[in-house]
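The chain contents come next:
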Amino acid sequence: MKYILPVIALIMLSACSSRPVTSGIGVEQTANAYKEQLNVNNPQLAKKLLISDVKTRQTNNLTDVVVTLASTYKKSQYLQYQFNWFDKDGFVIKGNHSPWQALTLFGFAKTQLAGLAPSSNAVTFSLAVREVSTDAQEFKD
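Worth saying up front: this structure is predicted, and the values here are computed from it rather than measured. (Residues numbered from 1 in each chain as written. Predicted model: local features only at pLDDT ≥ 70, side-chain atom pairs only at ≥ 80, totals over all residues. Heavy atoms only, no water.)

A.B. asks: Tell me about the overall build of the chain, and name the residues and values.
C.D. replies: Looking only at helices and strands, one finds 2 helices and 9 strands in the chain. Listing the helices and strands of the chain from first to last along the sequence gives α-β-β-β-α-β-β-β-β-β-β. A buried classification covers 30% of the 141 residues belonging to the chain. Here the analysis covers contacts within the chain between residues at least 6 apart in sequence; of these, 65% occur between residues at least 24 apart. Approximately 9,700 Å² of the chain is accessible, and the part contributed by carbon and sulfur atoms is 55%. (Helix = DSSP H or I, 4+ residues; strand = E, 2+ residues; numbered from the N terminus. Buried < 20%, exposed > 50% of the residue type's maximum accessible area, 1.4 Å probe, protein only. Contact = heavy atoms within 4.5 Å. Areas by Shrake-Rupley, 256 points an atom, 1.4 Å probe, with all protein chains shown as cover.)

A.B. asks: Requested: an account of the environment of Asn 121, with residues and values cited.
C.D. replies: Mapped onto the elements of the fold, Asn 121 is located in the loop between β8 (110-116) and β9 (124-131). Considered as a pair, Asn 121 and Asn 61 are 60 residues apart in the sequence and their alpha carbons are 9.0 Å apart.

A.B. asks: Tell me what's going on with the environment of Ala 102, and back it up with residues and numbers.
C.D. replies: As for its position among the elements, Ala 102 is in strand β7 (residues 101-105). A relative accessible area of 71% means that Ala 102 is categorised as exposed. As a C-alpha pair, Ala 102 and Val 129 span 27 residues in sequence and 9.9 Å in three-dimensional space. Discounting residues that sit within four places of it in the chain, Ala 102 has contacts with Leu 79, Gln 80 and Tyr 81.

A.B. asks: I'd like a rundown of the sheet that holds strand β4 (residues 49-59), residues and numbers included.
C.D. replies: Judged by pairing direction, the sheet is antiparallel, and its 3 strands sit side by side in the order β4-β5-β8 without closing on themselves. Either end of the sheet is taken by a strand with one partner, and the two such strands are β4 and β8. Ignoring strand direction, the axes of neighbouring strands in this sheet form an average angle of 20°. Where β4 meets strand β5 (residues 62-71), 10 bridges bridge the pair, whose relative direction is antiparallel. From the neighbouring strand, Val 54 faces β5, where its bridge partner is Val 67. (Pairing = 2+ DSSP bridges. Axes fitted to C-alpha atoms, helices over the stretch in contact; angles between N-to-C directions.)

A.B. asks: Residue-level account of the pattern of salt bridges, with values.
C.D. replies: Across all of its chains, the model carries 4 salt bridges by this definition. Between Lys 55 and Asp 53 there is a salt bridge; the shortest N-O distance is 3.8 Å. Relative accessible area serves as the criterion here: at 30%, Asp 53 is assigned to the partly exposed category. Between Asp 64 and Arg 57 there is a salt bridge; the shortest N-O distance is 3.2 Å. (Salt bridge = Lys/Arg side-chain N within 4 Å of Asp/Glu carboxyl O.)

A.B. asks: A description of the packing of aromatic side chains should follow, citing residues and the corresponding values.
C.D. replies: For the structure shown, the criterion picks out 4 aromatic pairs. Residues Tyr 81 and Phe 83 carry aromatic rings whose centres are separated by 6.2 Å and whose planes lie at 90° to one another, so their mutual orientation is edge-to-face. Like Phe 83, Tyr 81 is buried. Note on Trp 85 and Phe 125: the rings are 5.8 Å apart at their centroids and 50° apart in plane angle, and the pair reads as tilted. One end of the pair, Trp 85, is in strand β6 (residues 77-86); the other, Phe 125, is in strand β9, with 40 residues separating them in the sequence. By way of ring pairs, the aromatic residues Tyr 81, Phe 83, Trp 85 and Phe 125 are connected into one cluster. (Phe/Tyr/Trp six-rings, centres within 6.5 Å; stacked < 30°, edge-to-face > 60°.)

The structure is reproduced here in structure tokens:
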């Protein structure tokens, strides 16, 4: 009986470790000024990535954005990113966020992530980046 609790705890910990990481790093734009600090939900990922530049412009009354993402890690990283858009009052524009996009970032490489606002009501944005698990996933009943 005294061994049952440690065995159950070990099983639960091993089950949690096989799930993909869904948190990451991000950048937010607020009133045309970018936060000096990244939003970090995953410290290990934050050590491997750097947002080095953010550019915006207006294209046909839509906000067009390009975020430069750089790897500070020597190996390839398998990531996903997503833009969310906000109106002038800071409210999320419902149903108009982009889907998660797959991205492979090679060691010490840079890439530009482009986003286009879904409507002219969108004036600010946020970008989230997360790691994708490369382990095979099994779903059990």
